[in-house]
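Residues per chain, in single letters:
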Amino acid sequence: MDNWRALLMLAGIFLHATTVQEIDRPVFVLIAKTSSNFRMGTFFAVAGLLSLLAIAKRGADPWLARRSFQIGIPMLFGLFVLAPLMSACASWHAFGTMMPALPELGWWHFWFLVDLLAYAPITFWLFRADRAHAIFARIDRWVERDRPSVTLIILAVGVVAAMSVLLVARLASMAGMLAEPVWAAHQILGYAPLYAFGVILAGSPALFRHMTARTGPAFTVLAMVFALCLASRLLPGGGKGLFDGPASLLNVVTSCLCPPAVTVLILRSAIAMRGTPPLFRRISDAAFTIYMVHFPIILALDPLLDPLRLNPYVSYLLLVGLSGWLSYLVHRLIVTRVPFAAMLLNGVNPAKPRAAIAE
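A brief look at the structure comes next. Everything numeric here is computed off the predicted structure, so don't read it as measured data.

In total, this model carries 11 aromatic pairs according to the counting rule given. Here the aromatic cluster, defined as three or more aromatic residues joined through ring pairs, consists of Phe43, Phe44, Trp111, Phe112, Tyr119, Tyr191, Tyr195 and Tyr291.

Here it is, written out as structure tokens:
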């Protein structure tokens, strides 16, 4: 599972390299859609699963303290140091001034750390509630007794996530000048059901076995989503209004229904995985660093490539390759050798053994 967690994080390079391209191409749109519909929701489900395994190993209070340091320090460094630098760089490229313009301000890709820190109490509460009320044992008995439909469970998780996002979208539509900050909350509320789904899968062995016994239900849900998208294209105007923005109905539905299905398929593959090649293990160990620094590197490289007037696809491939390689070098040459850098970029407490974000 650690390998999948790292892979889902590293796939962010392919998405973020599209955001600096001045010309939209179908491949770039496909990458963005794939990321929103599959990648991050699945990442949070896997993170939820791994978090419960870690808390069961370490105990609730030590885990929460470790988690707060491990996620909180890189989050603060990202939001208050790297994000302003990224905004200044983007503003310089777009407007010729280092003073960030309003469109360039934001939390960039560090929002996922805010989510992970906000979700820590979900793991903590479910773990404590299980110790007091045997919640996971009750889920086990329910699964073994009733054999619930895996397809319906996947759809239920997706529907709860979609309702959370649509609720935030509704609140944002009534928030006036605060619409953007209110809408940003969907990145926390929308992924919370998927994170909780992962926690519950880790806590209930019977549910885990039941969900991963067959691939058919997961593929059925994905086929239903695909059919829904195709059918929408038959509507007048090709259903354009259903896909116009992140808060559009079908964008919300697809981005919420696909991740629980993909999570089941990933868990199946993780069960079948026998080993990890050494090269991938080294890249996996560097995943947190790579995710933290690859986007700032992309923004720094983009103005250097612009004067070359390269084909957008060539420029994209160079950005992906160079940012990934340079980010890995940052990990190998700096983070692994300088404890202070390891603390800022990986949340490693210098006084304690090295941590992994999966915990």
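As a further point, take the packing of helix H12 (residues 216-232) against helix H13 (residues 249-272). One can describe the packing of H12 onto H13 by two numbers: an axis separation of 8 Å at closest approach and a directional angle of 160°. Judged by the inter-axis angle, H12 sits roughly antiparallel to H13. Between H12 and H13 lies a crossing of left-handed hand. Taking contact as the criterion, the partners of Ala218, Phe219, Val221, Leu222, Val225, Leu228, Cys229 and Ser232 in H12 are, on H13, Leu250, Val253, Thr254, Leu257, Cys258, Ala261, Val262, Val264 and Leu265. Looking at the contact of H12 with H13 residue by residue, the class counts come to 15 nonpolar, two polar and no charged.

Right, let's get into the pattern of salt bridges. With the rule as written, the count across this model stands at four salt bridges. Of the charged contacts, one joins Asp61 and Arg128 as a salt bridge, the two residues approaching to 3.1 Å between their closest N and O atoms. One end of the pair, Asp61, is in helix H4 (residues 60-95); the other, Arg128, is in helix H5 (residues 111-133), with 67 residues separating them in the sequence. Given a relative accessible area of 39%, Arg128 falls into the partly exposed group. The salt bridge involving Asp285 is made with Arg281; its shortest N-O contact spans 3.5 Å. You can see Asp285 and its partner Arg281 sitting in helix H14 (residues 278-285), four residues apart, about one turn around the helix. Residue classification places Arg281 among the partly exposed residues on the basis of a relative accessible area of 31%.

Okay, the side chain of Arg39 next. For Arg39, the position within the fold is in helix H3 (residues 26-58). Buried charge without a salt bridge: Arg39, with Asp115 as the nearest opposite-charge side chain at an N-O distance of 11 Å. Among the polar contacts listed, one links the side chain of Arg39 to the backbone oxygen of Leu8, at a separation of 2.9 Å. When near neighbours in sequence (up to four residues on either side) are disregarded, Arg39 contacts Leu8, Met9, Ala11, Gly12, Leu15, Thr34 and Tyr291.

We now examine the nonpolar core. In this structure, Phe44, Phe112 and Met211 are the most contacted members of the largest nonpolar core, which totals 93 residues. Sort the elements by how many residues they give to this core and helix H15 (residues 287-305) lands first, with 12 residues. Beyond its immediate chain neighbours, meaning those up to four positions away, Phe44 contacts Trp111, Phe112, Asp115, Leu116, Tyr119, Tyr191, Leu194 and Tyr195. Judged by nonpolar contacts, the second largest core, of nine residues, contains Ala161, Ala169, Val252 and Cys256.

How each quantity is defined
Residues numbered from 1 in each chain as written. Predicted model: local features only at pLDDT ≥ 70, side-chain atom pairs only at ≥ 80, totals over all residues. Heavy atoms only, no water. Phe/Tyr/Trp six-rings, centres within 6.5 Å; stacked < 30°, edge-to-face > 60°. Axes fitted to C-alpha atoms, helices over the stretch in contact; angles between N-to-C directions. Helix = DSSP H or I, 4+ residues; strand = E, 2+ residues; numbered from the N terminus. Parallel < 35°, antiparallel > 145°, perpendicular 65-115°, else oblique. Left-handed = near helix turned anticlockwise from the far one by under 90°. Contact = heavy atoms within 4.5 Å. Nonpolar A, V, L, I, M, F, W, Y, C, P; charged D, E, K, R; others polar. Salt bridge = Lys/Arg side-chain N within 4 Å of Asp/Glu carboxyl O. Buried < 20%, exposed > 50% of the residue type's maximum accessible area, 1.4 Å probe, protein only. Lys, Arg positive; Asp, Glu negative; His and termini not counted. Polar contact = N/O pair within 3.5 Å; in protein donor to acceptor, adjacent residues only side chain to side chain. Core = buried A, V, L, I, M, F, W, Y, C linked by side-chain atoms within 4.5 Å.

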